[in-house]
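Reading the structure
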Amino acid sequence: FPNTIPAWARHAALWLLLFAVPAGLFFVVELNGNVQRHLAIYETVVDTFPKSSMANYQIGRELQDMGRLREAKAHYERALAAAPNMLPAHVFLGVLLTDQKDLGGAKLHFERALAMDPKNAEVHNNLGIVLDEQGDLANARIHLERSTALDPKYALAHTNLGMVLAKLGDLSGAADHLETALRL
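Let us look at the structure shown here. (Residues numbered from 1 in each chain as written. Predicted model: local features only at pLDDT ≥ 70, side-chain atom pairs only at ≥ 80, totals over all residues. Heavy atoms only, no water.)

1. Notes on the packing of aromatic side chains
Here the structure, examined in full by the defined rule, presents 2 aromatic pairs. With a centroid separation of 6.1 Å and 40° between ring planes, the pair formed by tyrosine 57 and tyrosine 76 is classed as tilted. Of the two residues, tyrosine 57 is situated in helix α2 (residues 53-65) and tyrosine 76 in helix α3 (residues 69-82); the sequence distance between them amounts to 19 residues. Pair check on accessibility: tyrosine 57 and tyrosine 76 agree, each one buried. When the ring centre of phenylalanine 92 is taken as reference, the NZ or CZ atom of arginine 61 above it lies at 3.7 Å. (Phe/Tyr/Trp six-rings, centres within 6.5 Å; stacked < 30°, edge-to-face > 60°. Helix = DSSP H or I, 4+ residues; strand = E, 2+ residues; numbered from the N terminus. Buried < 20%, exposed > 50% of the residue type's maximum accessible area, 1.4 Å probe, protein only. Lys NZ or Arg CZ within 6 Å of the ring centre and 35° of its normal.)

2. Side note on helix α8 (residues 155-167)
Here α8 is 13 residues long and its end C-alpha atoms lie 19 Å apart, about the 18 Å a rise of 1.5 Å per residue gives. Among all positions in α8, only Ala157, His158, Asn160, Leu161, Gly162, Val164 and Leu165 are buried. (Expected span 1.5 Å × (residues − 1).)

3. Observations regarding the packing of helix α6 (residues 121-133) against α8
Orientation of α6 relative to α8, taken along the N-to-C sense of each, is 25°, at an axis distance of 10 Å. In terms of orientation, α6 lies roughly parallel with respect to α8. The two elements α6 and α8 cross, and the hand of that crossing is left-handed. Residue-level inspection shows Asn125, Ile129 and Asp132 of α6 in contact with α8, the latter providing Leu156, Ala157, Asn160, Val164 and Lys167. (Axes fitted to C-alpha atoms, helices over the stretch in contact; angles between N-to-C directions. Parallel < 35°, antiparallel > 145°, perpendicular 65-115°, else oblique. Left-handed = near helix turned anticlockwise from the far one by under 90°. Contact = heavy atoms within 4.5 Å.)

4. Describing the nonpolar core
Formed by 30 residues in total, the largest nonpolar core has its most connected members in Tyr57, Tyr76, Met86, Leu93, Leu96, Phe110 and Val123. At the level of secondary structure, the elements contributing two or more residues to this core comprise α2, α3, α4 (87-99), α5 (103-116), α6, α7 (137-150) and α8. Sequence-distant contacts of tyrosine 57, that is, excluding residues within four places in its chain, are made with His75, Tyr76, Ala79, Met86, Pro88, Ala89 and Phe92. (Core = buried A, V, L, I, M, F, W, Y, C linked by side-chain atoms within 4.5 Å.)

5. A few points about α3
With 14 residues, α3 should reach 20 Å at 1.5 Å per residue; the first-to-last C-alpha distance of 20 Å fits that figure. For α3, the set of buried residues is Ala72, His75, Tyr76, Ala79 and Leu80. Here the buried residues of α3 occupy an arc of 140° about the axis, which is enough to place them on one side. Of the exposed residues in α3, those oriented more than 90 degrees away from the buried face are Arg70 and Ala81. Packed against the buried residues of α3 are α2, α4 and α5. (Arc of directions from axis to C-beta.)

6. Points about the side chain of serine 53
Considering the arrangement of structural elements, one finds serine 53 in helix α2. The exposure class of serine 53 is buried, given its relative accessible area of 19%. When near neighbours in sequence (up to four residues on either side) are disregarded, serine 53 contacts Ala79, Ala82, Ala83 and Met86.

7. Side note on the pattern of salt bridges
Evaluated as defined, the whole model comprises 5 salt bridges. A salt bridge links glutamate 133 to lysine 101, with the shortest nitrogen-to-oxygen separation between them at 3.5 Å. Of the two residues, glutamate 133 sits in helix α6 while lysine 101 sits in the loop between α4 and α5, which places them 32 residues apart along the sequence. Under the relative-accessibility criterion, glutamate 133 is labelled partly exposed at 39%. Residue class for lysine 101 comes out exposed when judged on its relative accessible area of 58%. In this structure, lysine 167 and aspartate 132 form a salt bridge, with 2.8 Å as the shortest nitrogen-oxygen distance. Residue lysine 167 is found in helix α8, and its partner aspartate 132 is found in helix α6; the two are separated by 35 residues along the sequence. Taking relative accessible area as the criterion, lysine 167 reaches 51% and is therefore assigned exposed. The exposure class assigned to aspartate 132 is buried, which follows from its relative accessible area of 17%. Connected through shared salt-bridge partners, Arg141, Glu145 and Asp170 make up one network. (Salt bridge = Lys/Arg side-chain N within 4 Å of Asp/Glu carboxyl O.)

Okay, structure coming up:
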């Protein structure tokens, strides 16, 4: 059996087993270890200062990255209770709620974020996505057009605008934005 496998394939398999797999496992373990370490630091701060908006926000970010969304949501809400105008907490809570299909909640947080920073292309894009999912294509278009005007190199916003324009029947405009997204 070993003689039927070409030497180059045996060499590649050996290289994978001896180097690539252990190196990949090392990086995964290292990444997870660092996340846990950061999480522990922020949790210590929250234990000492329960109303720390920044620590609660950071814990929310770490937990969201780990897929622990219910816990992340609770920490974002604590951060916003302590600092209602914390823009990043509104944005990341909006993203989390969008992922959980709580579109009304997501819309509310993106609108609050835009009230604080009306020139934020990412938030206009996120709100456009929510409005599209709610079937409000006219307002989705407005926010996605604003996003691409604020950041003409924002490929994702061009893609989303292209999809909304296609749903609205503007196939020429849709093609233009989708082509722009591909060029970026």
